[in-house]
Structures are given as C-alpha cells and as structure tokens.
Amino acid sequence: MKEVILSLRKGMMFLLMWAFSICLFAQAVNVRGTVTDAKGEPLIGVSVRIQGRGAGTVTDSQGNFTLPNVSPDAVLEISYVGMLSQTVALDGKTTVNIVLQEDAEALEEVVVIGYGTARKIDLTGSTSSLGGDRLRLKSTPQLSSQMQGQMAGVQITRSSGDPSAGATIRVRGVTTMSTNDPLVIVDGIPGTLTDIAPEDVKDIQVLKDAASAAIYGSRAAAGVILVTTKRAQNNEFHLSYNGEYGMDAPTTKPKFTNAVQWMRGLNELAFSDGASSPSSLYSEDLINNYTQLRDDDPDRYADTDFMNLGLKSSTHHQRHSLSLSGGTANLKTNFSFNYFDSEALINKKDYERFNIRTNNDYTINNWISANVDLNLLYSNANEPHLSIGELMERAPIYNAYWSDGRFADGKDGDNPIAQRELSGLIKKQNYRIGGKLQLVLTPLKGLALTAIIAPQYSFYKGKDHRKRYEVYRITGDPIPGVGYSSTNLSETRNDNHSLTKQFYVNYQLQLKRHSIGLMAGYEDYSYKWEEEGASRTNYSLVNFPYLDLGPEDYQFNSGKAGHNAYRSFFGRIMYSWADRYMLQANIRSDGSSRFAQGYRWGTFPSFSAGWAISEEPWFNKRVVDFLKLRGSIGQLGNERIGSEFPYQAKLSFGTGFIPNASTGISDIVQTAYQMDYAFKDLTWETTTTYGIGADITLLKNRLRASVDYYYKKTTDMLMEVGFPSYFGYNAPQNNAADMNTTGWDFELSWNDQIKDFHYGVSFNLSDYRSRMGYMADRQKIDDNRITEEGSYYNEWYGYKNMGIILNDVAMFDENGDPIAVLTNNDKAGNIRYRDIDGDGKITASNDRVRLGNSLPEMQYGGSLWGEWKGVDFNLSFQGIGHQLAYWSWPGTPFNYQAYACPVNLIESHWSPTATDEENAKVKYPKLTTNNANIYAKSDFYLFNGAYMRIKNITLGYTLPSEITKNLSVNKLRLYFSANDLPAFSKYPEGYDPEWNHSGDLLLSSYIFGLNVSF
C-alpha cells in the first residue's frame, strides 16, 4: 500500500512540474512588430523597451523589431525623437503594429541660426533663447534693459535711469581691448536694439560660441544677438491692444548734509588742516542758533537741499501698443504701432517714442514667395542744461530762491535750480526708417534660394539753445548765471545710411536616418555717415532759437563724414544621423575696407559635434528623457578696431598765419600735418574659441538643464606700441596683444502642471575671467586700472592700504621709526599705505600693485511664475555674486569750501575730537584738503559690490471667456507690475549699485496695465 501511495505522489509531482513548465513556457514568448508614422512609412531606430525591465531594442530599416522572452502581460514603451511616446499592453499578443504620431511641439521648436533655421535638437553650438512673452513681463523703454538677467552668459549693465539710454551688453565677457559690443541682427539684417519696440519681438537668440556665431565671421567675436519680430501666423484677423500707466520713483537717493552739519564739517576740516580753533570758520554761537536765525531771516541763513529741490519725488510714464494681423492664403500681414512717453525726475526733461512696423508675407505660387517689411521710428527728447551731478555738488548754505520768489545767486551766480528753469533746452530728435525686400524660390523639394536687399536710413536733429539769464544778489542786483552770460544756439544734423544685400541657398535632404543641411551665400554691406554742425553766439533775441537771427560775426560751422564696407562669402554643413549624432561645420571669408589691400580678407572656420546619448538603444529613459553632449572649436574675427581706416596716416587740418612782407600783415592759410604714425599691415583680431557643453531633460521633460565651459584666446589685438619720440609722431597702434578668457554658463528650469495650476521656475548662472597674454612689454594704465601681461583686463591698480592712522603714536612703527608716508602732510586720520619695496617712502613708481579683477563675477538671474484659473503671477530677479567695486563720492566733499558733503561721510569719519575707540570704528578718513592722501587710488575704497535686485513682480487676471465672448472680446487681462525694485547690496545707503553717480537715478516702476484682443 505504501508503495502505491509513493507512486501516486511521484506521479502527481511530475504532473505539477509539467504543468508549471508549460506555464513558464507560455510566459516566455517572442514579440514581433512594426513601427510606422501616420503616413505608413516605417520608422528606423525607434526605441522599444519592456516597462520595468529596461531591456529593449530598436527598429530596423523596415521599422521591424523583435523582443525575445517577453511576458504575455508585459507593457512596451515606444519612443522616438520628434514623435509622441506610447505605451502598449501586450495582453497575450505576440505581434503588435504601432503607429507613432508627430510631436508637433517638438518638431516646431526651431531656432534662428543665421541665414536659416534649425531644429533645436540638431544644434551643437552654445545658444540662449528668450521668448517675447517673457520679455513683455517687464516694462522698460529699451529692449536691452528688458533682457537683463534672462540668459546665462549675457551680461547687461545699466548706469542711468534715462529712458532714452540703452545698456552695455557683453556676451561671455570681454575678449578684446577694442569693441566688445555684440553684433545685433534684426530679421536677418544688421541693426541695433534701440530700433526695436519690445512689443514687436517674437523671440531672441544669442549665439555665444564660435560654432554658432562663426557664420557671421568678422563681426561675431563678441557674440551675436538675433532678434526675430512678429509675423502673422494664420489667415484669421486679430486686433490687440496693450496699455499701461506707471508711477516711477528712485530706487534710492543720496542724502547730503544740512547747513548745520555742513558748517561743523567744514570747521573740522579746517582744524584738521592746522586752523587754530575748532570753530575758525563758523562760530559755535552761529551753528547752535542757526535754526532760529533761519526762521527769522531765511535769505541770510540758507539751508537748501538742492538734491530734493532739483528732483521730483516721483514721475510717470505711459505706454500703448496696437497690433493688427491676418490676411488671406496669399497675403499675410502684421502691423504694429507702439507709443512710449515718460517724464524724468528733473523738471523739463522728457522722452517720447513712436514705433511702426509692418511685416508682410506674399505667396505668389507654390514655389515663389516674398516678404516686404517696413519699420519706422521717431523719438523726441527734451533736456534742461542740468545734470544730477551738479545738484549733488552744491552746498546747502546757498539759497536757490529769495523769500520774494526771485532766483538767488547761489555761489556767485551758480544756482542749479535757476539754470534748470531759465537756461533753455536741448532738443534731440531721431528719425529712422528701414525696410527689407526678400524673395524666396523653392524650385525643388528641400531647396530654397533667398535674395534680400535691405536699406536703412537714420537722421538726427539736435538743437542746443543756451539762453542768457540773470539771478539776483541779496542786495537785489542782477548778475548773469555762471556760464550763461550770452545767448548761444548750436544745431546738429547727422545722417547715416546702410545697404545690405544677401543671396544664399539652403538645401535640406532626408535619406532614411540621414539628415543633411547645406547652406552657401554671399553678403555685401556698405555704411556711410555724415555730421554737420552750425552755431551762432551773442544773440540779442533770447527766446528765438533760429540760426538766422544770430549775428553773422559770431557764426561757426563744422562737419565730418566717413564710410566702411565689407563683402563676404559663407557656407554651412549640418549633418544628423537618427537624431543621435550631429555634426556642423561653418566657414566665412570676409573682406573689410578697414584694412589695406593685401590684408583685407580673413577666413573664419568652425566645427562642432553633438551626441544625443539618450537616443542610444541601451539608454534607460526612466528618469532622463534627453541627454546631449556638445563640443566645438572655431575662429571669429573682429574688424572693429581703431578708426575706419587705421592703416592710413591721417592728416589733421587747421588754420595758420604766415607773415606777408609786402602787406606787413600775416596771411591766413590752411595747414595740414600728420600726428600719428600708421602701419599698413594692420589686420584682423582673431578669437579662437573652444567649448564643451551638455543639455539634459529629466522627469518627463519637466526639468531641463544645460551647462557650458569655454576657453577663448584673442590674438593680434590692436594696442599702442613703443615708438621713438624723435620721429615726431604719436606712438602708433599695431596688432601686438593677446587675451585669454575662460568661463562657464549654467541654466536650469522646471515646468509642471498640477490639475489647473501651471507653474515654472528658472535659474541661470555664469562666470568668466579675462586675463592678458603677450603685450610686447607694454602696459596701459588708465587712472586706477591697469592692463599688462598676466593681469586681468582693466585690473584695479594702486596702493595697498594699512588702514586709517589712528593717532599720533601710529605715525611710528614698532621700532619707533617714522612710518612711510605718501605726502609730507600725512598725519593721524589719514590713510596709511604699504611700503611695497621697503625703501621707507611711498612712491607711485614702486609701491602701486595690482589689486584684483574689476569685472563682475558670478552673474545670475531667475524667475518664478504660475497660472491658475485666469490668475497669473511672475517674479524675476537678477544680480552679481561678486565684484570688486571702487567707491568714490559724486563730488569732492567741501571742495572750494562750496561743495556739498554726503551724510554717509559725516556720520562715519575719523575726527580729531573723537576718542581712539570711536575713531577705530569709522569707515572713512578725516576731513581734509590733503586729497593726495585720502583720495589716492588704493584698495582702501575697494569693496564687494555684489547685489541682488527683484526685476519684476507681476500679478494679472484674465477674465473668463464666458464673460468676454458676450463683448466679442477674445481675451481681456488686467495686471499690476512692479519693476526694478531697490537692490540688496553693501553699497553706502542712498547709492544704487548700477548707478554711475552722474546719470539719472535708476527708477522703480509701479504699473497698472490692460491687455485686450479681438
């Protein structure tokens, strides 16, 4: 019986194992399939993976794939560049046919690359882009200011709040001792950012390395900014309007001492300089009773805050933009009108601008199309004869007005308030017109022939009317304002025009997995300018600013003109295999009129490669959606060195007198003489750039990042070289210097959606260093900056300080010997400087050293935005992580016993009446006329000028369409925006880190706006 039971157990075990093996066999099947596009064309190189396992394969040339040993209930993940990814559940099937749909968003993500466009995924160079929607979140009159902090490696610096002033732009730092301004291309034509209304911009691309910018050759060494303006997108007609009104107030404002503080300070200054009494200039009785004396007699006891009196506490601006777009199947047009108007803080200073742009697209037939664009600009600025610098120099002990309302004489007729109101105006008018005619032929599939002609014309009209005016002494006697004893008129007429002609051919070829792009072209550019000036002086009629009303005996004129041109041939090859391996080569040959024959032509090549690692079949895309590595090398040229014809020996013309023996008087003759020696073999500066980078997207394309590292070497930079003085000429310039720049860029962004809430965060960070290479044993010292071999470009230069000399004991060292001093008047309260060479004295020749990099470091910017059920919010910021800044007062305090003194100085300076403990805590040296010591260029006034500024906060609300559609309105949005809020920095109170101490104060704007579209 036991044997029977054992046999049954063995039999059942065998049956169970057999059944289990059948199940295992059923679970391990081979899966075959085909992947095609929507047209039924097989797709090559499609990634097919088993979800959760990472194993997978790619389709072959017929779109077929095979996966062995796949579970019947497995899920397949199918992905392909430019297509929407899919997941397919097998559910026991062993054969699956999959149709992938185009990812329209990915395929349409094209960028302008110079003489054409390319898919962003095909790029192998380093670029940054900025959409027009991000630009319009800020509101400034100049496009350059709205770009600030938006792109890594693009440094934008303002120095004034003047609405007509642009900004300084640097792409990846400084690479030359001459012009570092990037080339600006607007819709394919050379232009300037000041020509463009921000509302007209569709997007901006910045070409940062040689691989992307070399196609522009000789003008691209400092980078290229490509601006694309809006065009009609479809046949539907659209009307949109944007209007805003803003209140503008200073981000901060310097404060100066009142009359009592000023008199005490001047007394102390005199006492420090050797006066016998601490009250040698103003008695204590006068100072202590000054407030009451002023109440009794304000004419004799002035206390004037010229800064507050000369500036309004706030001002305003308005902006209006109207656009029309639409058309038919054969004609599409986009028209825009933009108006900006603002008043400055200084009374009588204002600015207005009109922009008109129309872009028209014609479709002649299925292989001929054309574009006709036209843009117009008019701007008008009025300015009084007064700068903020003049307001900051006037001491408070002088009146601006007498009590009867008449203008006071200030300091012997120097009254800036009277000057502002009575001295006339400077009027500046700019007119610009530009156009582009473009014809495109596409006779074959993938082939496009483009011809462009684009004229540009600008005209400037200036009128400076300086009117004689009078102010009054306290006795009632009139005297003329300083510098305005006569009425004068100067007028300026400047014009320039350019003509750009281009012809280029683009050919796109797709051979299965091979994508090839070819481009070749020719460009011709010419530019001419002329300036004329005329003036008359000593007018009898004060209020009529016309030249013919001035005396003919006092008439003057001037004029000058110039021109330059270039001619170029260029080409590009782009190759991509399976959107995985990318190659690009560019070459451009330029001939420039700036150089002599035999030296005019320069050729600038570049090569770059990219590898989309994420498209390899073995790459796991569970976390990383896209990963591409990039590398590039190339050369860029710079022709903008020196004058228009630096190779020519120029003649300077003048007037001379030659005695005439027959007449007994001198004859007036025209003279001509050569001042500068010139080298005929001057040629291009050349910048060779090496770069590597990576682009990555993660977490279902929500997280994006890119990083770049670059090295740039500029050779043959133009600089002044040694020259024997006995030749009788000024030292010439020659190609004799090198510069090396290293740096990196980093960009990071996150975009996501949680139900109805859309949000995003972006951040960019960049840094660079520019050091000098070979300089032919020469050095260039400009005030407190030096440029020499081994130094940073424009490195700070001066003495090393050892602090403020605390007391008389500190005038001797630990051995009892007198310390080394800069001047014989150095005493306690002055600044002590380090004796570098140890010779017991401080001298400029032996004790000045390099003090550190003057250029900004660690520049950053970022933004945070969100949208929820019609409510939108944006916050953007920008700043500099570190910069050695040099502090200087707007004017020399107490200069001529008539200049103002900042409150910052009065509140923290070494004083002869303070204790050593108190003096040890102060920031600034004593008040003295020994300016050679306290204002010597040194590191005493160097500090970290890092700052961070909130550039924009916007809160908007879009009314629901259920409400607006009843009004035949497509969209209606209301918003409030705050721009350029006060910065966080270590600058002294009252001083904005971007302000240059002489231009208009920087302004914060608080704006209410309306967007409506039909």
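> What is the right way to look at the overall build of the chain in this model?
Secondary structure assignment for the chain yields 16 helices and 51 strands. Expressed along its principal axes, the backbone C-alpha trace of the chain runs to roughly 135 × 85 × 75 Å. Expressed as a percentage of contacts within the chain between residues at least 6 apart in sequence, the contacts between residues at least 24 apart total 68%. Of the roughly 47900 Å² that the chain leaves accessible, carbon and sulfur atoms contribute 55%. Within the chain, the 112 negative side-chain charges are centred at a point lying 8 Å from the centre of the 97 positive side-chain charges.

> What's the story with the sheet that holds strand β1 (residues 29–36) in this structure? I'm lost.
Through backbone hydrogen bonds, the strands of a sheet pair up, either in parallel or in antiparallel fashion. Across the sheet, three strands lie side by side as β4-β1-β7; this open sheet has mixed pairing. The open sheet has two free edges, formed respectively by β4 (64–70) and β7 (95–99), since each of these has just one partner strand. Sheet twist, expressed as the mean angle between neighbouring strand axes with direction ignored, is 25 degrees. Across five bridges, β1 lies against β4 in antiparallel orientation. Residue pairing across strands places Arg 32 opposite Thr 66, the latter belonging to β4.

> What am I meant to see in the pattern of salt bridges here?
When the charged atoms of two side chains lie near each other, side chains of opposite charge can form a pair. Taken as a whole and assessed by the stated rule, the structure comprises 50 salt bridges. When the shortest N-O distance is used, the salt bridge between Asp 187 and Arg 357 registers 4.0 Å. Taken as a pair, Asp 187 in the loop between β13 (183–186) and β14 (189–190) and Arg 357 in strand β20 (residues 350–363) lie far apart in primary sequence, 170 residues in all. By relative accessible area, Arg 357 is classed as buried at 7%. Residues Arg 850 and Glu 795 are paired through a salt bridge, measuring 3.5 Å at the closest nitrogen-oxygen approach. Of the two residues, Arg 850 sits in strand β43 (residues 849–852) while Glu 795 sits in strand β40 (residues 795–798), which places them 55 residues apart along the sequence. Salt bridges here are not isolated pairs; linked through shared partners, they connect Arg 158, Arg 949, Lys 951, Asp 980, Asp 992 and Glu 994.

> Just to check I follow, could you spell out helix α6 (residues 259–272) for this structure?
Each turn of an α-helix holds 3.6 residues, which means side chains three or four residues apart point in the same direction. Taking 1.5 Å per residue as the helical rise, α6 with its 14 residues ought to reach 20 Å, and the 20 Å between its terminal C-alpha atoms agrees with that figure. The element α6 is extensively covered by neighbouring structure, given that ten of its 14 residues are classed as buried. All of the buried residues in α6 are Ala 259, Trp 262, Met 263, Gly 265, Leu 266, Asn 267, Glu 268, Leu 269, Ala 270 and Ser 272. Where α6 is buried, its residues contact α7 (284–288), α8 (290–296) and α13 (903–907). Sitting at the amino-terminal end of α6 is Asn 258, which places a side-chain oxygen 3.2 Å from the backbone nitrogen of Val 260. Following α6 by one or two positions, Gly 274 has its phi on the positive side, about 115 degrees.

> Can you walk me through the sheet that holds β14 in this structure?
Taken in spatial order, the five strands make up an open sheet running β10-β15-β16-β13-β14, and their pairing is mixed. With one partner strand each, in any of the chains shown, β10 (127–131) and β14 form the two edges of the open sheet. In this sheet, strand β16 (residues 224–229) lies alongside β13 in parallel orientation, the contact comprising four bridges. Counted as the bridge partner of Ile 185 is Leu 226 from β16.

> Would you take a moment to explain a nonpolar patch on the surface for this structure?
On the surface, a cluster of nonpolar side chains totalling about 770 Å² of accessible area is made up of Ile 754, Phe 757, Val 761, Leu 864, Trp 868, Val 871, Phe 873, Leu 955 and Tyr 957. Of all the elements in the fold, those that place two or more residues in the nonpolar patch are β37 (757–772), β44 (857–868), β45 (871–882) and β48 (947–958). Relative to the elements of secondary structure, Phe 757 occurs in strand β37. Judged by relative accessible area, which is 34%, Phe 757 ranks as partly exposed.

> Is there a simple way to think about the environment of Ala 344 in this case?
By secondary structure assignment, the location of Ala 344 is in the loop between β19 (331–343) and β20. Setting aside chain neighbours within four positions, we find Ala 344 in contact with Lys 312, Thr 315, Lys 349 and Asp 1000.

> Can you help me understand the environment of Thr 168 in this one?
Along the polypeptide, Thr 168 turns up in strand β12 (residues 168–171). In sequence terms Thr 168 and Arg 158 are ten residues apart; their C-alpha atoms lie 6.5 Å from each other. Other than its neighbours up to four places away in sequence, Thr 168 contacts Gln 155, Ile 156 and Thr 157.

> Can you help me understand the pairing of strand β5 (residues 75–79) in this one?
Note on strand geometry: in a regular strand, side chains alternate between the two faces of the sheet. By the bridge criterion, four bridges tie strand β2 (residues 47–50) to β5 in an arrangement that is antiparallel. In the strand pairing of β5, Ser 47 is matched with Ser 79. One ladder, built from four bridges, connects β5 with strand β6 (residues 86–89); its direction is antiparallel. Looking at the pairing, Ile 78 lines up with Gln 86 of β6.

> How should I be thinking about the pairing of strand β32 (residues 651–659) in this particular structure?
As defined by bridge partners, β32 adjoins strand β33 (residues 666–674) across nine bridges and the pair is classed as antiparallel. Within β33, the residue paired with Phe 653 across the bridge is Ala 672. Connecting β32 to the antiparallel partner β33 that follows it, the hairpin turn spans six residues, and Gly 664 within it adopts a positive phi of roughly 80 degrees.

> Looking at this structure, how should I read unusual backbone geometry?
Glycine aside, negative phi is the norm for most residues, and most peptide bonds take the trans geometry. Despite not being glycine, Asp 187 shows a phi value in the positive range, around 50 degrees. Positive phi outside glycine occurs at Asp 579, with the angle close to 55 degrees. For Asp 579, the location among the structural elements is in the loop between β28 (555–577) and β29 (581–592).

> Would you take a moment to explain the packing of aromatic side chains for this structure?
Each pair of aromatic rings is reported with the distance of its centres and the angle of its planes. As enumerated under the stated definition, the model contains 40 aromatic pairs in all. Taken together, a centroid distance of 6.2 Å and an interplanar angle of 25 degrees make the contact between Phe 569 and Trp 601 stacked. Placement of Phe 569 in strand β28 and of Trp 601 in strand β30 (residues 601–612) is noted, with a sequence separation of 32 residues between them. Residue Phe 569 is classed as partly exposed on the basis of its relative accessible area, which comes to 44%. Of the residues examined, Trp 601 reaches a relative accessible area of 46% and is grouped as partly exposed. Following the ring pairs from residue to residue traces out a cluster consisting of Trp 887, Trp 889, Tyr 924, Phe 943, Tyr 987, Tyr 991 and Trp 995. Above the ring of Tyr 472, the side-chain terminus of Arg 406 is found at 4.9 Å from the ring centroid.

> I tried to follow the environment of Arg 473 on my own but got confused; where do I start?
Looking at where Arg 473 falls in the secondary structure, it is placed in the loop between β24 (470–472) and β25 (478–480). When its relative accessible area of 33% is taken as the criterion, Arg 473 is described as partly exposed. In sequence terms Arg 473 and Asp 409 are 64 residues apart; their C-alpha atoms lie 5.4 Å from each other. Setting aside its immediate chain neighbours within four residues, Arg 473 contacts Trp 402, Asp 409, Asp 412 and Ile 479.

> Help me out: how do you make sense of the side chain of Thr 450 in this one?
Looking at the element boundaries, Thr 450 is found in strand β23 (residues 447–466). The residues contacting Thr 450, other than those within four sequence positions of it, are Gln 438, Leu 439, Val 440, Gln 502, Phe 503 and Tyr 504.

Conventions and cut-offs
Numbering of residues begins from 1 in every chain and follows the order in which that chain's sequence is written. In keeping with the predicted nature of the model, local features appear solely for residues at pLDDT of at least 70, side-chain atom pairs appear and are counted solely at 80 or more, and the whole-chain, interface and lining totals rest on all residues. Values shown for side chains rest on all heavy atoms present in the structure; no hydrogens or waters enter the calculation. Counting from the N terminus, the helices are DSSP H or I runs at least four residues long and the strands are E runs at least two residues long. Throughout, a contact is declared for two residues whenever any of their heavy atoms are within 4.5 Å. Per-residue accessibility takes into account occlusion by the displayed protein chains alone, with areas from the Shrake-Rupley method and a 1.4 Å probe. Charge convention: Lys and Arg are scored as positive, Asp and Glu as negative, and His as well as the terminal groups of each chain are ignored. Where a charge lies is defined by one atom per residue type: Lys uses NZ, Arg uses CZ, Asp uses CG and Glu uses CD. Here the rule is simple: two strands pair whenever DSSP picks up at least two bridges between them. Note on geometry: axes are lines fitted to C-alpha atoms, helical ones only across the stretch in contact, with angles between N-to-C directions running from 0 to 180 degrees. Counted as salt bridges are all cases of a side-chain nitrogen of Lys or Arg within 4 Å of a carboxyl oxygen of Asp or Glu. Buried residues are those whose accessible area, probed at 1.4 Å on protein chains only, stays under 20% of the maximum for their type, while exposed residues exceed 50% and partly exposed ones sit between those limits. Multiplying 1.5 Å by the helix residue count minus one yields the expected span of that helix. Any N or O atom pair separated by 3.5 Å or less is treated as a polar contact, with the protein-specific requirement of one donor-capable and one acceptor-capable atom, and with residues adjacent in sequence counted only for side-chain atom pairs. Only residues above 30% relative accessible area that lack a salt bridge enter a patch, with like-charged residues linked at up to 9 Å and the nonpolar side chains Val, Leu, Ile, Met, Phe, Trp and Tyr linked at up to 5 Å. Classification of ring pairs uses Phe, Tyr and Trp, with its six-membered ring standing for Trp, and accepts pairs whose centres are within 6.5 Å; under 30 degrees between planes counts as stacked, over 60 as edge-to-face, and the remaining range as tilted. The rule is short: NZ of Lys or CZ of Arg within 6 Å of the ring centre and within 35 degrees of the ring normal puts a charge over the ring.

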